[in-house]
Amino acid sequence: MSKNNRRKIIPPQDESISISLNHIYKENYPLFCFKYLSETSISTCKDHKFFFEFLIRLQKISQLGWPEIRTSPRHGFGMESISVDQIKPQLPACITPDVRKLHVFRATGDNHPFIGLQIDRIFRVLFIEANFGDIYDHE
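From a predicted model like this one, the values you see are computed outputs, not experimental measurements.

Reading guide: rules and limits
Residues numbered from 1 in each chain as written. Predicted model: local features only at pLDDT ≥ 70, side-chain atom pairs only at ≥ 80, totals over all residues. Heavy atoms only, no water. Helix = DSSP H or I, 4+ residues; strand = E, 2+ residues; numbered from the N terminus. Buried < 20%, exposed > 50% of the residue type's maximum accessible area, 1.4 Å probe, protein only. Contact = heavy atoms within 4.5 Å. Areas by Shrake-Rupley, 256 points an atom, 1.4 Å probe, with all protein chains shown as cover. Phe/Tyr/Trp six-rings, centres within 6.5 Å; stacked < 30°, edge-to-face > 60°. Expected span 1.5 Å × (residues − 1). Arc of directions from axis to C-beta. Polar contact = N/O pair within 3.5 Å; in protein donor to acceptor, adjacent residues only side chain to side chain.

Draft legend 1. Structural view of the overall build of the chain. Across its full length, the chain holds three helices and five strands. Along the chain, helices and strands appear, N-terminal first, in the series α-β-α-α-β-β-β-β. Burial analysis of the chain (139 residues in total) assigns 37% to the buried set. Put simply, 57% of the contacts in the chain that link residues at least 6 apart link residues at least 24 apart. Per element, the accessible surface of the chain, about 9,700 Å² overall, is 52% carbon and sulfur.

Here it is, written out as structure tokens:
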């Protein structure tokens, strides 16, 4: 790469910029982590509308906060538990043998789920089911 084609490196923000951690803790809203997201089900999904609806869904869930999520219906903006034994694909390494249940949210209005694990305010998204039955059998 020639000297003229190098990308400009943006340095980290100045330390004078800060965020009030107390305010963040009081809000108690979900933070979504995709580090352990499996490509199962989504790697073959070519429906851009599905992913757009999923992103809007995450925004709405985030605005509710954990207390409201806990009281919302499971097919609305709430969540439900699922046994790890029901998951078809291999679980990521971050799911240790002591974990018995995962959490299920609805990814879209037509009830496609996304599955993960809530730890404190962070929801680790492990699977997004673009095609019903790819991640677990639905009853």
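Draft legend 2. A look at the packing of aromatic side chains. This model, assessed by the stated rule, comprises nine aromatic pairs. Plain terms: the ring middles of Phe 32 and Phe 123 are 6.1 Å apart, the flat faces sit at 65° to each other, and that makes the pair edge-to-face. Taken together, the positions of Phe 32 in strand S1 (residues 31–33) and Phe 123 in strand S5 (residues 122–128) put the pair 91 residues apart, joining distant regions of the chain. An identical accessibility class is assigned to Phe 32 and Phe 123; each is buried.

Draft legend 3. Representation of helix H2 (residues 48–64) within the structure. For H2, spanning 17 residues, the distance from its first C-alpha to its last is 25 Å, which sits close to the expected 24 Å at 1.5 Å a residue. Every buried residue of H2 is accounted for by Phe 50, Phe 54, Arg 57, Leu 58 and Ile 61. Along H2, the residues classed as buried sweep out an arc of 105° about the axis, all on the same side. Exposed side of H2, more than 90 degrees from the buried face: His 48, Lys 49, Phe 52, Leu 55 and Gln 63 are the residues found there. Elements that come into contact with the buried residues of H2 comprise S1, helix H3 (66–71), strand S3 (101–106), strand S4 (113–119) and S5. If you check the start of H2, you find a side-chain oxygen 3.1 Å away from the backbone N of Lys 49, and it comes from Asp 47. One or two positions beyond H2, positive phi appears at Gly 65, with a value near 90°.

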